[in-house]
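The lines below spell out each chain.
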Amino acid sequence: MSDDTSIKLLGISGSPRKGSTDYIVNEALRYAQEKYNVEVEYFSSRAKNMKFCIHCDYCVRKKEGCIHKDDLVELYDKMLWADAWIIGTPVYQGTLSAQTKTIMDRCRAVVARDPKAFMNKVGAATAVGGDRVGGQEPAMQTIHNFYIISEMIPVAGGSFGSNLGGAFWSQDKGAEGAAADSEGIRTLHRTVNKMIKTAIAMKKIE
């Protein structure tokens, strides 16, 4: 790599299982480490205690974080640490998983304390479904909407095959199925390239 700028990269898996989503997020981290100067952290929602946002406005009134003191407290610190995030989700009912949505909803506690907490961080998305066209794009669009609301910079791999991010078809074969999807791998790698290059550019103009 010609640029030695160090990037802190966070991978988030919004799956309750250790399977295809875990694989694709870790593949993004592995590829980023292979090609760029990055430090990585990983958070999986598997087996985590994560309560739903109940819109109690504790975070708005107190500005001390969330009323729920659960495993998402660990993720908040990683989110603040990172320059760039990639959120991965399995496709459930044509969109993202409840775990992924809970993670995004509960970020309200961070921005209620500091509205600029995530500003100008770079965000990418990846999604995996049992069908080739099963909701991957709506799921990634929802993740991008979250980034926009959070004043982050959403990126994907660009036109001609990676429009919204890393789109995978697992054929319901878990990590093995995702790993066998060469087109999904291509879209993911293109997305990671754009994410890291954008994060490097953002660091240079800070």
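Residues numbered from 1 in each chain as written. Predicted model: local features only at pLDDT ≥ 70, side-chain atom pairs only at ≥ 80, totals over all residues. Heavy atoms only, no water.

Draft legend 1. Spotlight on the environment of Ala167. Examined against the element boundaries, Ala167 turns out to sit in strand S6 (residues 166-169). Sequence separation between Ala167 and Ile185 is 18 residues, and the spatial gap between their C-alpha atoms is 8.3 Å. (Helix = DSSP H or I, 4+ residues; strand = E, 2+ residues; numbered from the N terminus.)

Draft legend 2. Here's a closer look at the UniProt feature "domain: NADPH-dependent FMN reductase-like" (unreviewed entry) in the protein. Per the UniProt record, "domain: NADPH-dependent FMN reductase-like" (unreviewed entry) is annotated on residues 7-162. Within residues 7-162, the helical portion is 38% and the strand portion 20%, while the C-alpha atoms at the span's ends are 22 Å from each other. (UniProt positions renumbered as here; feature names shortened; annotations may be inferred.)

Draft legend 3. Up close: the pattern of salt bridges. What the rule picks out here adds up to 10 salt bridges. Salt-bridge contacts for Lys101 lead to Asp105; the nearest nitrogen and oxygen are separated by 2.7 Å. One end of the pair is Lys101 and the other is Asp105, both in helix H4 (residues 98-106) and four residues apart, which spans about a single turn. Residue classification places Lys101 among the partly exposed residues on the basis of a relative accessible area of 36%. (Salt bridge = Lys/Arg side-chain N within 4 Å of Asp/Glu carboxyl O. Buried < 20%, exposed > 50% of the residue type's maximum accessible area, 1.4 Å probe, protein only.)

Draft legend 4. Quick look at the packing of helix H3 (residues 72-81) against H4. Axis separation between H3 and H4 bottoms out at 11 Å; the angle between their running directions is 65 degrees. One element, H3, and the other, H4, form an angle in the roughly perpendicular class. Both H3 and H4 take part in a crossing whose hand is right-handed. For the pair H3 and H4, the contacting residues are Leu72, Leu75, Tyr76 and Met79 in the first and Thr102, Ile103 and Arg106 in the second. Looking at the contact of H3 with H4 residue by residue, the classes come out as five nonpolar, one polar and one charged. (Axes fitted to C-alpha atoms, helices over the stretch in contact; angles between N-to-C directions. Parallel < 35°, antiparallel > 145°, perpendicular 65-115°, else oblique. Left-handed = near helix turned anticlockwise from the far one by under 90°. Contact = heavy atoms within 4.5 Å. Nonpolar A, V, L, I, M, F, W, Y, C, P; charged D, E, K, R; others polar.)

Draft legend 5. Region of interest: the nonpolar core. Among the nonpolar cores identified, the biggest contains 32 residues, and Ile12, Leu75, Met79, Trp85, Ile103 and Phe118 are the most heavily contacted of them. Of all the secondary-structure elements, those providing two or more residues to this core are strand S1 (7-13), H3, strand S3 (84-90), H4, helix H5 (108-113), strand S4 (122-129) and helix H6 (136-149). In terms of residue count, the dominant contributor to this core is H6 (five residues). Residues within four places of Ile103 in sequence aside, it is in contact with Ile12, Phe43, Ser45, Met50, Leu72, Leu75 and Met79. Residues Ile7, Ile24, Tyr31 and Ala84 belong to the second largest nonpolar core, which totals 26 residues. (Core = buried A, V, L, I, M, F, W, Y, C linked by side-chain atoms within 4.5 Å.)

Draft legend 6. Representation of the state of the cysteines within the structure. Under the counting rule described, the total for this entry stands at zero disulfides. In this model Cys53 remains outside any disulfide bridge; the closest cysteine sulfur is found in Cys59, 6.8 Å from its own. Classification of Cys53 as partly exposed rests on a relative accessible area of 33%. Cys66 supplies the cysteine sulfur nearest to Cys107, a cysteine that is in no disulfide, at a spacing of 10 Å. (Disulfide = S-S within 2.5 Å.)

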